[in-house]
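Structure assessment
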Protein chains: 2
Amino acid sequence: MTKTVRFAAEGGPEVLELVDVDLGEPGPGELRLRVAAIGLNRAEAMFRAGTYFERPGEFPAKLGYSASGIVEAVGEGVTGFGIGDEVSTVAGFSMRDYGVYGEAAIVPAAAVLRRLDGLDAAETVALWGSFLTAYGAIVDEGHVRPGDFVLITAASSSVGLATIDVVNHIGAIPIAATRTAAKKQRLLDAGAAHVIVTDDEDIAERTREITAGRGAGFVFDAVAGEGVRALSDATAKGGTIVVYGALDTKETPFPLWYAPTMRMFNAFDLTLNPERLARAEQFVRAGVRAGTFRPRVDRTFDLADIAEAHRYLEANGQFGKVVVTAGG
Amino acid sequence: MTKTVRFAAEGGPEVLELVDVDLGEPGPGELRLRVAAIGLNRAEAMFRAGTYFERPGEFPAKLGYSASGIVEAVGEGVTGFGIGDEVSTVAGFSMRDYGVYGEAAIVPAAAVLRRLDGLDAAETVALWGSFLTAYGAIVDEGHVRPGDFVLITAASSSVGLATIDVVNHIGAIPIAATRTAAKKQRLLDAGAAHVIVTDDEDIAERTREITAGRGAGFVFDAVAGEGVRALSDATAKGGTIVVYGALDTKETPFPLWYAPTMRMFNAFDLTLNPERLARAEQFVRAGVRAGTFRPRVDRTFDLADIAEAHRYLEANGQFGKVVVTAGG
C-alpha cells in the first residue's frame, strides 16, 4: 500500500486527505515512480477548488503534475527508462487520469524527463515546470529578442523567477512587478533589471519611464482580470500580453482600441508535443549547465502536511517553489 | 463660400448641419479638392456621437475620411499632384484636423491617392477605404494563406464585402456571418463560400461543421462585445480573432483558457505609414485590374440629406457602401 493524496469533493485545502491505496503495476506506456519530492503548482490548487479549466472525472480524485523520484516499475512498450533511473515528471497529462501527490505514482512515460545533473530532487521539481513554461512562452512562442523589455507580473512565483532567468539568458530585459515592497530587493538580487511595486507605483507609468516611453514589448501575466487594462497601457505599440494564469478569477477584459495583442499560454501545447518538449528540455539543460537557470525552493513541507502546504501556496507569500518531500 | 458639414455638439444624426464656410487656401503639404462623392464610415457616426476613440477638439467640428474629387488647389511643397487631377482620400489623418464632408475640402496630400481607372467617383469611394482595411488586416498583418478559413462578421458592410473579395483573391475561403436570412443569397452571390445566419444558427457549431471540426483560423470581427465568446469557440486552435470595429459598445471580454489570440486592427497603422500605404495601394489596384475587387455602392444620398444618410448608415440595413454625392 502507498500513501497517496486524494480528495473526495472539490473545496479548500482541507479536502486533501492522505490515504493508503494499492497503485498496482504500470500499464503500457507508463512508469511507476518512487516519489522523492513534489513541486506544487497553482493549477493544482485550482483543480482542487473546482476553478481549473478541467474538473475531476470521478471522486476520490488524484492531484499533482510535478514530481522527482526513481523509476521502480516499467510498463509494456516503454523504452529509454529502467528501474533505478532518477527522473522527473512534467505536466504532460490530465489530472483526470494521473496525479503525483504521494509516496509513489504511476505516470505516462511521455511526461517523464531524466533528472538534471547536480540538483537534488527538491531543486529539480522547483526547476523543470517553471523553466519549461518560461521557455515555452518567452522563447518558443513569444520570440522575445535580445534587448526587448519583458514585464513580468507575480514575479516572485516560481514561473516569474524562472522567466527573469530566461529573459536574462537570451539578452532581453526583465521588469518584475510585485505587489508590495517586501520582495523588491530579492527580485533585484534574482536578476530583475527593474522592479515595480504595484501597491505604490503606477505600473503603466513606471514601465514607460523604464522603456523611454515606448512600453514593454512583451508582458507575461499570471493574474488576468481587470489588471490587464493597466498592463495594456504598459505595453508598447505592436506588443503582446501573454496570460498564463488567473490569480484574479474575475472577468478579463479585452481593452478595445488600444489593446495590444492578447494570447493565453498553455503549457500543454508544449508538454504534449514530443518535438517541442525535446527542444524545451535542451534549452533548460543548457541554462542549468551555464548556471543561469537557478532552482528556487521557497520552503518544503512533509507529505503529511499537504493541506497546510496548499494553504501556504495560496497565501501568495512565497518566493519560488513550494515543495513537498515524500521520502522516496 | 463652400457648403460643408459641421456639428456644434456631439449627438444623433440631427446635429449634422450644412453650413457655408470659407475654406481658404491649402497650407504646406495640403490639397484642396472639389468633392464629387463621399463614402460614409461607421467611425464617422461614432465621432459624431462621441463614442469614437478620439473626440472633436473644438466645435463646430468637421467630419469625414473618404472623398473622391478633383484637385483645385495645391499647397506649398506638394509634389505629384496638379490641378485637375482625379483623386481620392483615405483615412490618413485625424478628424480633429480635417474632414471631407462638403462640396470641397482641404486634406493632407499624404492621405490622397490617384483615382482608380474605370470607376466613377461613387464607386471609387466605395472601394478604397474598405479594401485598404481588408488588405491591411487579412494580408499585410494577418498573413492569411491560401486554403485558410476566414470568418467575417457584419459581412454585408462595405469592409465585410471587401474582405470576401480579398479572401477569395488570395485563395482563402470566406465564411460570411449575417444576422438575418435577408442578405444570405446576396452574400453567396458576392462570393461568400458559406453564410451563417446568426439569428437562426449557432456560429461556433456551424463554423466547426464547415471547417471539418477545426474552426476558422482567422476571424475578422466588426462587432466586439460579448459576441467574441462565441467567436472564440468558432476559432481554430492557434487561430486569431482580429477586431476592427465595435458595433456592440458594451465591454469586450478576453475569454480565458480557450481564448485564441485577439488583436485590434487599426487602419491608421497602415494609412499613416507611407511604405505600407503604397503596398496596399498596389494590391488594391491589382485586384481592380483583375476584376476580383468590386465596388459595392448600396445607396447614394445628396449632401443636403447628410443627417438622413447617417440615420440610414446606423440602421444596419445596407449591403455595401453608403455614399453621399456632393456635385463636384
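Residues numbered from 1 in each chain as written. Chains lettered and ligands numbered in written order. Predicted model: local features only at pLDDT ≥ 70, side-chain atom pairs only at ≥ 80, totals over all residues. Heavy atoms only, no water.

1. Details of the packing of helix 2 (residues 121–140) of chain B against helix 8 (residues 274–290) of chain B
All names here are of chain B. Orientation of helix 2 relative to helix 8, taken along the N-to-C sense of each, is 110°, at an axis distance of 9 Å. With respect to their mutual orientation, helix 2 and helix 8 come out roughly perpendicular. Residues Leu 127, Trp 128, Phe 131, Leu 132, Tyr 135, Val 139 and Asp 140 of helix 2 form the contact with helix 8, whose own contacting residues are Arg 276, Leu 277, Arg 279, Ala 280, Glu 281, Phe 283, Val 284, Arg 285 and Val 288. Partitioned by chemical class, the residues of the contact of helix 2 with helix 8 number 11 nonpolar, no polar and 5 charged. (Axes fitted to C-alpha atoms, helices over the stretch in contact; angles between N-to-C directions. Helix = DSSP H or I, 4+ residues; strand = E, 2+ residues; numbered from the N terminus. Parallel < 35°, antiparallel > 145°, perpendicular 65-115°, else oblique. Contact = heavy atoms within 4.5 Å. Nonpolar A, V, L, I, M, F, W, Y, C, P; charged D, E, K, R; others polar.)

2. Points about the domain arrangement of chain A
Residue and element names in this part refer to chain A. Split into domains, chain A comes out as domain 1 (2–126 + 297–325) and domain 2 (142–264). The gap between the C-alpha centroids of domain 1 and domain 2 is 29 Å. Tallying the contact residues gives 8 residues for domain 1 and 10 residues for domain 2. Both faces considered, domain 1 and domain 2 share a buried interface measuring about 760 Å² in area, 64% of it formed by carbon and sulfur atoms. The tally of links from domain 1 across to domain 2 stands at 0 salt bridges. Our count for the domain 1 to domain 2 interface comes out at 5 residue pairs in polar contact (both at pLDDT 80 or more). Looking at the side of domain 1 that touches domain 2 residue by residue, the classes come out as 2 nonpolar, 4 polar and 2 charged. (Domains from an automatic or database assignment. Buried area = accessible area lost by both parts, 1.4 Å probe. Salt bridge = Lys/Arg side-chain N within 4 Å of Asp/Glu carboxyl O. Polar contact = N/O pair within 3.5 Å; in protein donor to acceptor, adjacent residues only side chain to side chain.)

3. Looking at the packing of aromatic side chains
Summed over the entire model, instances satisfying the criterion amount to 32 aromatic pairs over all chains. Each ring, one from Trp257(A) and one from Phe53(B), has its centre 6.1 Å from the other, and the planes form 35°; the classification is tilted. Here Trp257(A), found in the loop between strand 12 (235–243) and strand 13 (261–264), pairs with Phe53(B), found in the loop between helix 1 (42–49) and strand 4 (66–74), and the two come from separate chains. Take Trp257(A): its relative accessible area is 26%, and that puts it in the partly exposed class. (Phe/Tyr/Trp six-rings, centres within 6.5 Å; stacked < 30°, edge-to-face > 60°. Buried < 20%, exposed > 50% of the residue type's maximum accessible area, 1.4 Å probe, protein only.)

4. Here we look at helix 5 (residues 203–210) of chain A
Residue and element names in this part refer to chain A. Taken as a whole, helix 5 has its buried residues at Ile 203, Ala 204, Thr 207 and Ile 210. Projection of helix 5 onto a plane perpendicular to its axis shows the buried side chains occupying an angular sector of 130°, all on one side. Opposite its buried face, helix 5 presents the exposed residues Glu 205 and Glu 209, each directed more than 90 degrees away. Two or three places before Ala 204, at the opening of helix 5, Asp 202 has a side-chain oxygen 3.0 Å from that residue's backbone nitrogen. (Arc of directions from axis to C-beta.)

5. With respect to the interface of chain A and chain B
Tallying the contact residues gives 22 residues for chain A and 22 residues for chain B. Buried area between chain A and chain B, both sides added, is near 2200 Å², and the carbon and sulfur share of it is 63%. If you sort the residues of chain A by the area they bury against chain B, Phe254(A), Trp257(A) and Met264(A) come out on top, with a joint share of 35%. Between Asp269(B) and Lys237(A) there is a salt bridge, with its nearest N and O atoms 2.6 Å apart. Summed over the shared surface of chain A and chain B, the number is 7 residue pairs in polar contact (both at pLDDT 80 or more). Mapped onto the side of chain A that touches chain B, the elements with two or more residues apiece are strand 12 and strand 13 of chain A.

6. With respect to the relation of the copies chain A and chain B
When chain A is brought onto chain B, the operation consists of a screw motion whose angular component is 180° and whose axial shift is 0.0 Å, with 0.0 Å RMSD remaining. The symmetry that links the two subunits is that of a two-fold axis. Across chain A, the smallest distance between a C-alpha and the rotation axis is recorded for Pro253(A), namely 2.1 Å. A high fraction, 100%, of the interface residues of chain A reappear at the interface in chain B, so the copies pair face to face through one surface. (Least-squares fit on C-alpha atoms with pLDDT ≥ 70 in both.)

7. Comments concerning the environment of Ser156(B)
Residue and element names in this part refer to chain B. Note that Ser 156 resides in the loop between strand 8 (149–152) and helix 3 (158–169). Residue classification places Ser 156 among the buried positions, given a relative accessible area of 5%. Leave out the neighbours within four places in its chain, and Ser 156 touches Leu 161, Thr 178, Lys 183, Leu 187, Gln 318, Phe 319 and Gly 320.

8. Let's talk about the environment of Gly84(A)
Residue and element names in this part refer to chain A. Tracing the backbone through its elements, the reader meets Gly 84 in the loop between strand 4 (66–74) and strand 5 (86–89). As for Gly 84 and Ser 66, which are separated by 18 residues in sequence, their C-alpha atoms are 18 Å apart. Residues within four places of Gly 84 in sequence aside, it is in contact with Ile 70 and Val 71.

9. Considering the pairing of strand 8 of chain B
Residues and elements named next belong to chain B. Going residue by residue along strand 8, you find Phe 149 and Leu 151 tucked away on one face and Val 150 and Ile 152 tucked away on the opposite face as well. A crossover links strand 8 with its parallel partner strand 9 (residues 173–178), the connecting element being helix 3, and its sense is right-handed. Bridge count for strand 8 against strand 11 (residues 216–221) is 3 bridges, and the pairing is parallel. Opposite Ile 152, over in strand 11, you have Phe 220 as the bridge partner. (Right-handed = clockwise from strand over helix to strand, strands pointing away. Pairing = 2+ DSSP bridges.)

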